[in-house]
Amino acid sequence: MEENDHIEQTLSKIKAAEPSPFLLTRIESKIQAVTNSTISIKQVLLGSTFVGLLIIINLIVLNSNSVSNSEQTSNLLEALNMETSNHLYYE
Amino acid sequence: MNELEEFRQIYADHSNMVYNLCLNYLHRMEDAEEATQDIFVKIHQNYARFRGDSNLKTWIYRITVSHCLDILKAKKRQKRFGFMQSLFGPKGEEALPIADFNHPGVKLEDKESVQIIMQYIDSLPDNQKTAIILKAINGLSMKEIAEIMNLSSKAVESLLSRAKQNLKSKLKE
């Protein structure tokens, strides 16, 4: 019982304190900083669409290049009458 | 009332409560101010999602309690890490200095006795610690504490009783 009284008596000595008057300003600055650093869903969608388009365009260009390159090579070989195999000697 | 005015009103109505609850958990003015800032940022971010299942005051109390307990857990982890470093690493200081009790609501002549009781309260399990802080220091009713902790009033009574038993046995040591 005595210990209970002692605990309650001691804790009753803790009084309420006032926060700093500048705390609200600091909180609002923090909120502003958090809002500015947050990327919106729109921005994410826009960014990923752009990257996706870039990849597709690259693939198309690479594909068309490889097709036209092989055609050009075989045309050139025919015109020059060059051997396309690795055999050095005819059997 | 626009969003900013509404937020300022919430701050005006609840800042004292949040700040003092943080002080009672963290014991230092600087830590309590930092925590209060983070809590109000959380309130601002989540206010749109607040459905009104509980009243606003209860909701804010819950955010505050949860945030303070997270800070205390993080501090304990840092202390453990610092201790391990001192065992296996180069000799040096602890990762965290021993907390300086700096509660602006406590007079200088009462500081020592309050600090001792608060240290014992700190060593209680989270539930008991929260119950005793809300009851004995913040002066909330059983019903209010039960709402905040999402427990029945009986469960809160039991927590308080165990908390007091634990504190009594620590005082006797």
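Residues numbered from 1 in each chain as written. Chains lettered and ligands numbered in written order. Predicted model: local features only at pLDDT ≥ 70, side-chain atom pairs only at ≥ 80, totals over all residues. Heavy atoms only, no water.

Trainee: Honestly, the environment of B:Ile60 in this entry has me stumped. Any pointers?
Mentor: All names here are of chain B. Within the secondary structure, Ile60 sits in helix H3 (residues 56-88). The class of Ile60 is buried, set by a relative accessible area of 0%. Distance in space between the C-alpha atoms of Ile60 and Lys42 is 9.7 Å, their sequence separation being 18 residues. (Helix = DSSP H or I, 4+ residues; strand = E, 2+ residues; numbered from the N terminus. Buried < 20%, exposed > 50% of the residue type's maximum accessible area, 1.4 Å probe, protein only.)

Trainee: Explanation requested: the environment of B:Ser66 in the structure shown.
Mentor: All names here are of chain B. In this structure, Ser66 sits in helix H3. By relative accessible area, Ser66 is classed as partly exposed at 36%. Taking the C-alpha atoms as reference points, Ser66 and Leu124, 58 residues apart in sequence, are found 16 Å from one another.

Trainee: Honestly, the packing of helix H5 (residues 126-137) of chain B against helix H7 (residues 153-172) of chain B in this entry has me stumped. Any pointers?
Mentor: Each pair of packed helices gets described by two things: the angle between the helix axes and the distance between those axes. Residue and element names in this part refer to chain B. The interhelical angle for the contact between H5 and H7, taken along N-to-C directions, is 95°, at an axis separation of 9 Å. Here H5 is positioned roughly perpendicular relative to H7, judged by the angle of their axes. Along its contact with H5, which presents Asn127, Gln128, Ala131, Ile132 and Lys135, the element H7 presents Leu159, Leu160, Arg162, Ala163, Lys164, Asn166 and Leu167. Across the contact of H5 with H7, the residue classes break down as six nonpolar, three polar and three charged. (Axes fitted to C-alpha atoms, helices over the stretch in contact; angles between N-to-C directions. Parallel < 35°, antiparallel > 145°, perpendicular 65-115°, else oblique. Contact = heavy atoms within 4.5 Å. Nonpolar A, V, L, I, M, F, W, Y, C, P; charged D, E, K, R; others polar.)

Trainee: What am I meant to see in the side chain of B:Thr58 here?
Mentor: Residue and element names in this part refer to chain B. Turning to its location among the elements, Thr58 is positioned in helix H3. A relative accessible area of 6% places Thr58 in the buried class. Dropping the residues within four chain positions of it, Thr58 is found in contact with Glu147 and Ile148.

Trainee: When you look at the interface of chain A and chain B in this model, what are you seeing that I'm missing?
Mentor: When the parts of a complex come together, some accessible area is lost, and that lost area is often used as the size of the interface. Facing 23 residues of chain A, the contacting portion of chain B comprises 35 residues. Overall, the association of chain A and chain B removes approximately 2700 Å² of surface from exposure, summing both partners, and the carbon and sulfur fraction of that is 66%. When residues of chain A are sorted by the area they lose upon contact with chain B, A:Leu11, A:Ile14 and A:Lys30 head the list and together hold 21% of the total. There are six salt bridges connecting chain A and chain B. With a shortest N-O distance of 3.7 Å, B:Lys164 and A:Glu8 are connected by a salt bridge. Summed over the shared surface of chain A and chain B, the result is seven residue pairs in polar contact (both at pLDDT 80 or more). Mapped by element, the contributors of at least two residues to the side of chain A that touches chain B are helix H1 (2-11) and helix H2 (23-37) of chain A. Sorting elements by how many residues they give to the side of chain A that touches chain B places H2(A) first, with eight residues. (Buried area = accessible area lost by both parts, 1.4 Å probe. Salt bridge = Lys/Arg side-chain N within 4 Å of Asp/Glu carboxyl O. Polar contact = N/O pair within 3.5 Å; in protein donor to acceptor, adjacent residues only side chain to side chain.)

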